[in-house]
Amino acid sequence: MEPLAEYFKVFSEPNRLAVLMALRDGPRNVTAVVEATGLSQALVSKHLKLLTIAGVVQRHPEGSLVFYEVSDRAVFKLIGQAEKLLLATRRQQFDALAAIL
């Protein structure tokens, strides 16, 4: 269970999720990810490094640039499922609160 918990930690930081979403349409270099997210270059580089170490993102040097892309696009299905579960939970919480009031 420990490796699974460690894997999910990768998705526990909002800026890291923003970086992943910036890569949704395909490979980008750091500058393009910075432009897409509005995050600083240092922060984007840090998160790309962590995502690469975790195996979620791959890096591909091309000349003087390095492009990053998601290793397995199924990660976006995982994030989408998590969003659906979160929404369902919030609806249940809202309904329970409404029933009390």
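Because the structure is a prediction, the values reported are computed rather than measured.

The rules behind these values
Residues numbered from 1 in each chain as written. Predicted model: local features only at pLDDT ≥ 70, side-chain atom pairs only at ≥ 80, totals over all residues. Heavy atoms only, no water. Core = buried A, V, L, I, M, F, W, Y, C linked by side-chain atoms within 4.5 Å. Buried < 20%, exposed > 50% of the residue type's maximum accessible area, 1.4 Å probe, protein only. Contact = heavy atoms within 4.5 Å. 1 Å grid on protein atoms, 1.4 Å probe; cavity = no way out; pocket = protein on both sides within 12 Å on 5 of 7 lines; lining within 4 Å. Points joined across faces, edges and corners; volume = space filled by probe spheres on them. Helix = DSSP H or I, 4+ residues; strand = E, 2+ residues; numbered from the N terminus. Nonpolar A, V, L, I, M, F, W, Y, C, P; charged D, E, K, R; others polar. Pairing = 2+ DSSP bridges. Salt bridge = Lys/Arg side-chain N within 4 Å of Asp/Glu carboxyl O.

Before going further, it helps to examine the nonpolar core. Counting residues in each nonpolar core, the largest one holds 19 residues, and the members touching the most others are Phe11, Leu20, Leu23, Leu48, Leu51, Val56 and Val57. Once residues within four sequence positions are removed from consideration, leucine 20 is found in contact with Phe11, Leu51, Val56, Val57, Val70, Phe76 and Ile79.

Reported here for the largest pocket is a volume of approximately 230 Å³. Lining the largest pocket are Phe8, Phe11, Leu17, Leu78, Ile79, Gln81, Ala82, Glu83, Leu85 and Leu86. Of the residues forming the lining of the largest pocket, the biggest block, 7 residues, is contributed by helix 5 (residues 74-100). By residue class, the composition of the lining of the largest pocket is 8 nonpolar, 1 polar and 1 charged.

Looking at the secondary structure, you find asparagine 29 in strand 1 (residues 28-29). The buried category is assigned to asparagine 29, whose relative accessible area is 15%.

A few words now on the sheet that holds strand 2 (residues 57-62). Ordered by their spatial adjacency, 3 strands build an open sheet running 1-3-2, and the pairing between neighbours is antiparallel. The open sheet terminates on both sides in strands that have one partner only, identified here as strand 1 and strand 2. Sheet analysis places strand 2 next to strand 3 (residues 65-70), joined by 6 bridges and oriented antiparallel. From the neighbouring strand, arginine 59 faces strand 3, where its bridge partner is tyrosine 68.

All chains considered together, the criterion is met by 1 salt bridge. The salt bridge partner of glutamate 6 is lysine 9, with a shortest N-O separation of 2.9 Å. Remark: lysine 9 and glutamate 6 occur in helix 1 (residues 2-9); sequence separation between them is 3 residues, near one turn of the helix. Judged by its relative accessible area of 46%, lysine 9 falls in the partly exposed class.

Where strand 1 meets strand 3, 2 bridges bridge the pair, whose relative direction is antiparallel. The residue of strand 3 that forms the bridge with asparagine 29 is phenylalanine 67. What sits between strand 2 and strand 3 in their antiparallel hairpin is a turn of 2 residues, with glycine 63 showing a positive phi close to 65°.

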